[in-house]
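One letter stands for each residue in the lines below.
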Amino acid sequence: MNIVCLGGGPSGLYFALLMKKRNPGHQVMVVERNRPYDTFGWGVVFSDQTLGRLHQADPSTASEILQAFNHWDDIEVNIRGARVRSGGHGFCGIGRKRLLNILQARCEALGVELRFESEARDEDYPDADLIIASDGLNSRIRQKYAATFQPDIDLRQCRFVWLGTTRRFEAFTFDFQETAHGWFQAHAYRFDNHTSTFIIEAPEAVWQASGMADMEKEESIAWCERLFADVLQGHPLMSNAAHLRGSSQWIRFPRVVCQRWVHHNGHAPVVLMGDSAHTAHFSIGSGTKLALEDAIELAQRIDEHPGDLQQALQVYEQTRSVEVLRIQNAARNSTEWFENVQRYAHLPPEQFAYTLLTRSQRISHENLRQRDSGYLEGYERWWEQRAQSLLAEPLPPQPGGQTPAQRPTPPMFTPFRVRDCTLANRIVVSPMAQYMARDGMVGDWHLMHLGARAVGGAGLVMAEMTCVSPDARITPGCPGLWNNEQAQAWARIVEFVHQHSSAKVGVQLGHAGPKGSTNVPWEGQGMDTPLAPDHPQRNWPLLAASAQAYVAGVNATPRAMSRADMDQVLQAFVAATERAAAAGFDWLELHCAHGYLLSSFISPLTNHRSDAYGGSLHQRLAYPLEVFAAVRRAWPEQRPISVRISAHDWVEGGITPDDAVEIGRAFKAAGSDMIDCSSGQVSAEQKPVYGRLYQTPFADRIRNEAGIPTIAVGAITDADQVNGIIAAGRADLCAVARPHLAHPAWTLQEAARWGYMAAPWPQPYIAGKQQMERLFERERAQAPVVKPTPEMDV
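Residues numbered from 1 in each chain as written. Predicted model: local features only at pLDDT ≥ 70, side-chain atom pairs only at ≥ 80, totals over all residues. Heavy atoms only, no water.

> Explain the side chain of Glu 339 residue by residue, including any values.
Along the chain, the position of Glu 339 falls in helix 11 (residues 309-339). Assessed through its relative accessible area of 7%, Glu 339 is described here as buried. The contacts of Glu 339, once residues within four sequence positions are left out, are Arg 156, Gln 157, Cys 158 and Pro 203. (Helix = DSSP H or I, 4+ residues; strand = E, 2+ residues; numbered from the N terminus. Buried < 20%, exposed > 50% of the residue type's maximum accessible area, 1.4 Å probe, protein only. Contact = heavy atoms within 4.5 Å.)

> Run through the packing of helix 16 (residues 444-455) against helix 17 (residues 484-500), naming residues and quoting values.
The relative placement of two packed helices comes down to the angle between their axes together with the axis-to-axis distance. For the pair helix 16 and helix 17, the least separation of the axes is 9 Å and the interaxial angle reads 20°. Between helix 16 and helix 17, the crossing angle belongs to the class labelled roughly parallel. For the crossing formed where helix 16 meets helix 17, the hand is right-handed. Touching Asp 444, His 446, Leu 447, Leu 450, Gly 451, Ala 454 and Val 455 of helix 16 are Trp 490, Arg 492, Ile 493, Phe 496, Val 497 and His 500, all from helix 17. (Axes fitted to C-alpha atoms, helices over the stretch in contact; angles between N-to-C directions. Parallel < 35°, antiparallel > 145°, perpendicular 65-115°, else oblique. Left-handed = near helix turned anticlockwise from the far one by under 90°.)

> Would you mind going over the packing of aromatic side chains in detail, with residue names and values included?
Here the distance between the centres and the angle between the planes together describe a pair of aromatic rings. Summed over all chains, the structure comprises 35 aromatic pairs. Ring centres of Phe 176 and Phe 338 lie 6.4 Å apart, and the angle between their planes is 5°; this geometry places the pair in the stacked category. With a gap of 162 residues between them, Phe 176 in strand 11 (residues 172-179) and Phe 338 in helix 11 connect regions that are remote in the sequence. Taken individually, Phe 176 and Phe 338 each receive the classification buried, so the pair is uniform in this respect. A centroid spacing of 4.7 Å and a plane angle of 10° characterise the contact between Tyr 354 and Tyr 379, whose relative ring orientation is stacked. On the criterion of sequence distance, the pair formed by Tyr 354 in helix 13 (residues 349-357) and Tyr 379 in helix 15 (residues 373-389) is long-range, its members being 25 residues apart. Grouped by ring-pair contacts, the aromatic residues Trp 72, Phe 91, Phe 172, Phe 174, Phe 176, Tyr 189, Trp 337, Phe 338, Tyr 344 and Phe 352 constitute a single cluster. Directly above the aromatic system of Trp 207 lies the positively charged group of Arg 159, at a separation of 4.5 Å from the ring centroid. The cationic tip of Lys 515 hangs over the ring face of Tyr 550; the distance from NZ or CZ to the ring centre is 4.6 Å. (Phe/Tyr/Trp six-rings, centres within 6.5 Å; stacked < 30°, edge-to-face > 60°. Lys NZ or Arg CZ within 6 Å of the ring centre and 35° of its normal.)

> Summarise the sheet that holds strand 29 (residues 733-736); cite the residues concerned and give the values.
If you walk around this closed barrel you meet the 8 strands as 20-21-22-25-26-27-28-29, and the pairing is parallel. Between one strand axis and the next, the sheet turns by 30° as a mean value, whatever way the strands run. By the bridge criterion, 2 bridges tie strand 20 (residues 427-429) to strand 21 (residues 460-467) in an arrangement that is parallel. The residue of strand 21 that forms the bridge with Val 428 is Leu 460. The sheet contacts of helix 21 (residues 622-634) involve strand 25 (587-592) and strand 26 (641-646), and relative to strand 25 the element is tilted by about 165°. (Pairing = 2+ DSSP bridges.)

> Please set out the sheet that holds strand 3 (residues 43-47) residue by residue, giving values where relevant.
In spatial order, the strands read 3-7-4; together these 3 strands make up an open sheet with antiparallel pairing. With one partner strand each, in any of the chains shown, strand 3 and strand 4 (70-72) form the two edges of the open sheet. Taking the axes of each pair of neighbouring strands and ignoring which way they run, one obtains an average angle of 25° across the sheet. In this fold helix 2 (residues 48-57) packs onto strand 3, strand 4 and strand 7 (91-95), with an angle of close to 85° to the strand it touches most, strand 3.

> Could you give an account of the confidence of the model for the chain, with specific residues and numbers?
When the pLDDT values of the chain are averaged, the result is 94; 96% of them are 70 or greater. For the stretch residues 789-794, pLDDT sits under 50, and the model shows 33 contacts to residues farther than four places along the chain or on other chains. (pLDDT = per-residue confidence, 0-100.)

> Quick one: what's the story with a negative patch on the surface, residue by residue and with numbers?
The grouping of Asp 214, Glu 216, Glu 218 and Glu 219 at the surface amounts to a negative patch. Among the residues examined, Glu 216 registers a relative accessible area of 47% and is labelled partly exposed. (Patch = residues over 30% accessible without salt bridge, like charges linked within 9 Å, V, L, I, M, F, W, Y side chains within 5 Å. Areas by Shrake-Rupley, 256 points an atom, 1.4 Å probe, with all protein chains shown as cover. Salt bridge = Lys/Arg side-chain N within 4 Å of Asp/Glu carboxyl O. Lys, Arg positive; Asp, Glu negative; His and termini not counted. Charge placed at Lys NZ, Arg CZ, Asp CG, Glu CD.)

> Tell me about the environment of Arg 98, residues and numbers included.
Along the chain, Arg 98 turns up in helix 4 (residues 96-110). Leaving out residues up to four positions away in the same chain, Arg 98 has contacts with Glu 64 and Ala 68.

> Outline unusual backbone geometry, supporting the account with residue identities and numerical values.
Residue Gln 150 is not a glycine yet carries a positive backbone phi of 50°. Relative to the elements of secondary structure, Gln 150 occurs in the loop between helix 6 (146-149) and strand 10 (151-165). Classification of Gln 150 by relative accessible area gives partly exposed; the value is 42%. Not every positive phi belongs to a glycine, and Asp 528 is a case in point at roughly 70°. Mapped onto the fold, Asp 528 is located in the loop between strand 22 (504-510) and strand 23 (543-544).

See the structure below:
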């Protein structure tokens, strides 16, 4: 096979040597536009896992790389004079020039032809059987065949410069420095016995305001030396980009994603590899790893499909693109964290460091325990003490559980206080519609549903959306609080929860608005469809901000609310609030999400009014805030109120996460205690991006930008996730829905699964507690020890 690699970076060189090693009869050439041994940049980083893959692919190269590596386990985070260090991360640094030298020498030893100072053009090699476009970030080949590759290039928000220093860092170090204009941060790591990489970045606006755009290269380097003087300890910063002038050394990182990786040009397929195909932000250090693993993958696929290159390339593109996208998604999370350091800089240094370590969502709470149990237990003790210090008085000991003295309380099980309401832990049973009421009356089903989950260990159990009037219902099966008989039925459930558990119980008040008068999901034509004409309860008239049906041609068109309608509905909310207080609920939530009545005012997709209640976000919030203010006045001062919002409509032109922060600020100013951060269900045209914890970033932004406590909800399924969310300050409570439907004692089960024995169980269930703990302990003991496989999540 005649193979030409256009570009002499890591991917092109490594693929060339792998193919030549597999079959010395292959004709393999690497074409590079630069001179031999020229390179730019400083050090690159691998994880221990990546080195293992290199050893499998070519032990000789891996051995030489290993001998040149500088290894470290620790990550150090410096901010506001505090230093936090954790270990067990397992990474190796090597100079980029040294790496290329090793690969070039190995290519030459195997008989690969290296052609330097030549332009990389595929048309110059008509006899090639395979052309590898390994020509880097600014790939000319990718640009030439853009119609096939369909690249999406996203220039990120920070400016960064890649420098070196003679200070030898013993840990991968993140150093954060605040200026009058905002935050600069440095990523520093040693890659040989004399030198460390020192990458500096800042958001574009901060960089511009600092005057960096107008500085000469030497001037900006001197400025950075002064800014990072403490961590540099008198050592200079150095640039090896002699060809760059002025501020051109400061660039914005381009995130490259290609829909296709293979182009057939009539004679030889052209295949993207390395940075020409994809990029991953340097904050997770996976760029070189991805490039080398691309080479390994394609060489393996060619081996698996001898004589069928087209099939090998198809499998390579399909399998490799999925793995790369997974890492790019983690890199995106990491990138966004560093673009928004200001959002987290107010956190205590201990929590700031934890948030940094877990920012990509690939390193979980328990993964940190595997890496450095001493660090994590120390952090958990700090967290536990901090949580207890925020209480008016410590919680009394609960029956049914005890904790070994050496084990701190996991964040999920620390208490949380809002006004005079103290929750025993951070788990909320999310309000989940049961559709089992009759004429708005709750009964035994609701007693069982809420009672079992309260006994099952949750800190707060929330009743489903409870309607303030008969025409406020979604379906005929929805509960209400529009009369005193309904309040008495609710009081029975509240009393049971208070008598038999330590849980608090809350009610969510709402009005279905344009999504009302529909079938119970398992009846008729299903969810969100109008009641059939022969239904015992006939369809009732609907109200909304504007006369727009939820689904045109399916749902009835609501009447746009008049001022009289608004006054009437507001009074219904007040009356329901008063009944909820009399029933003994500890917590009230106002439902302003999911396209229901109050949500229909907030979203521009559903509010087309031309009066004072339509137009800008400020005006669209006016009526929901009126209702909230009236509810707050009617609700006892010592009891908390949360507001559920749709933080993203998932439709072009709808509510965005930026809007959600402003919504959070507005309700905070009005007196809300928390924001419950859901999303979507406002428009049937929505296109949500689902995934684990997919709504948690909304809670994170609102909490840390609007400065109001939040509840995270959506695809939260285990205690490890909850601990990570709470410990990182991404939310204050976690609402868990579907897992609680499957297992009422989900909270107690997760405590046993992770070895936390102090969670209080009901006395009649203690035997079950002991058995479950033994079974999980046996399972943990028998499970194989899996060493953490960190990538460069640092």
